[in-house]
Amino acid sequence: MSSLRRTCLLFLAALVLLGTPRSRAAAQDAPDPARKTFVIVHGAWGGGWAWKRVDSLLTARGHTVYRPTLTGLGERVHLGSPEVGLGTHVRDVVNTLVYEDLRGVVLVGHSYGGMVITGVADQVPDRISHLVYLDAYLPEHGESVLSLGSPLRDSTLASWSRFGMIVPPWLEPARDPPWDVPHPYRSFADPLLLAHPPGRGLPATYILTMEPGKQTDAFSMYADRARARGWTVLQMPAGHNPQTTAPRELVDLLHGLR
């Protein structure tokens, strides 16, 4: 075999093994199914700032994370008013999905955020691949935080109410941000109005956090609701705010979602 022919054959073999530039580019651009886009909706009094650590840990594993702050909370505290209701917070997250042009997202709602993501799924299910309720309210049509029975008694919430805002005693106005801020009372009182069955048939997971040694807590009833709907229910040993007390364990669960 001539050296020229041998060189040509070796060149063709290399093309087969490596692929053409176009095929290599297509392979590089193909989405990795293991990498997800998470949109995390925080709970009452909080803000997207509280999820910075979880964001960093998920990003380090190759995921993309959005953590919108609801109107009147966190860095948007200057927009807080008694007129801010549940519908405002639902629209905050719907607009994040629409204006960021996000699709196939894993939508996570923590605590009060469960009310919000249920409303979001009702409006834009085509942009969501998976719902995750993290120690969260799991409402039906027409229910509100107050009608469901808050872990805090209604009389307690009423005593914390000042000018249409809920101001719990752990707030420290003199402390430098970030810190919890007053929460609009109306968002707890507004019923969630749905046009479709809750969850819209999307894949869904409920993560119940449980203090070690306890068998039940205020959010166990929502895990039971999730089981009744045939959803996956997971339990992790942690307090109500695992983003603070157990961020790595939480990220392990979120990373492992299928």
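Residues numbered from 1 in each chain as written. Predicted model: local features only at pLDDT ≥ 70, side-chain atom pairs only at ≥ 80, totals over all residues. Heavy atoms only, no water.

A. Structural detail: the nonpolar core. Grouped together as the largest cluster of nonpolar side chains are 47 residues, with contacts concentrated most on Leu107 and Val120. Setting aside residues up to four positions removed in sequence, Val120 forms contacts with Val90, Val93, Val94, Leu97, Leu107 and Ile128. Residues Ala50, Leu58, Val108 and Leu257 belong to the second largest nonpolar core, which totals 20 residues. (Core = buried A, V, L, I, M, F, W, Y, C linked by side-chain atoms within 4.5 Å. Buried < 20%, exposed > 50% of the residue type's maximum accessible area, 1.4 Å probe, protein only. Contact = heavy atoms within 4.5 Å.)

B. Up close: the side chain of Glu143. Its place among the elements puts Glu143 in the loop between β4 (128–134) and α6 (145–148). For Glu143, a relative accessible area of 17% puts it in the buried group. With near-sequence residues (within four places) excluded, Glu143 lies in contact with Met115, Leu138, Leu148, Asp190, Pro191, Leu192 and Arg225. (Helix = DSSP H or I, 4+ residues; strand = E, 2+ residues; numbered from the N terminus.)

C. Seen up close, the environment of Thr96. By secondary structure assignment, the location of Thr96 is in helix α4 (residues 86–99). Spatially, the C-alpha atom of Thr96 lies 7.3 Å from that of Pro68, the residues being 28 residues apart in sequence. Discounting chain neighbours no more than four positions away, the residues touching Thr96 are Pro68 and Leu102.

D. Structural view of the pairing of strand β1 (residues 37–41). A large share of β1 lies buried, amounting to five of its five residues. Across three bridges, β1 lies against strand β2 (residues 64–66) in parallel orientation. When the bridges of β2 are listed, Thr37 appears paired with Thr64. Pairing analysis gives four bridges linking β1 to strand β3 (residues 105–110), with the strands arranged parallel. Bridge pairing links Val41 to Gly109 in β3. (Pairing = 2+ DSSP bridges.)

E. Up close: the side chain of Thr69. In this structure, Thr69 sits in the loop between β2 and α4. At a separation of 3.1 Å, a polar atom in the side chain of Thr69 contacts the side chain of Glu75. Beyond its immediate chain neighbours, meaning those up to four positions away, Thr69 contacts His42, Gly47, Gly48, Trp49, Gly74, Glu75 and Arg76. (Polar contact = N/O pair within 3.5 Å; in protein donor to acceptor, adjacent residues only side chain to side chain.)

F. Main features of the sheet that holds β1. Here six strands make up an open sheet; going across it, the order is β2-β1-β3-β4-β8-β9 and the pairing parallel. Of all strands in the sheet, those with a lone pairing partner are β2 and β9 (232–237), marking the two edges. The sheet shows a mean angle of 20° between the axes of neighbouring strands, direction not considered. In the sheet, β3 pairs with β4 via six bridges, with the strands oriented parallel. In the strand pairing of β4, Val106 is matched with His130. Helix-sheet contacts for helix α9 (residues 220–228) involve β8 (204–210) and β9, and the interaxial angle to β8 is about 155°. (Axes fitted to C-alpha atoms, helices over the stretch in contact; angles between N-to-C directions.)

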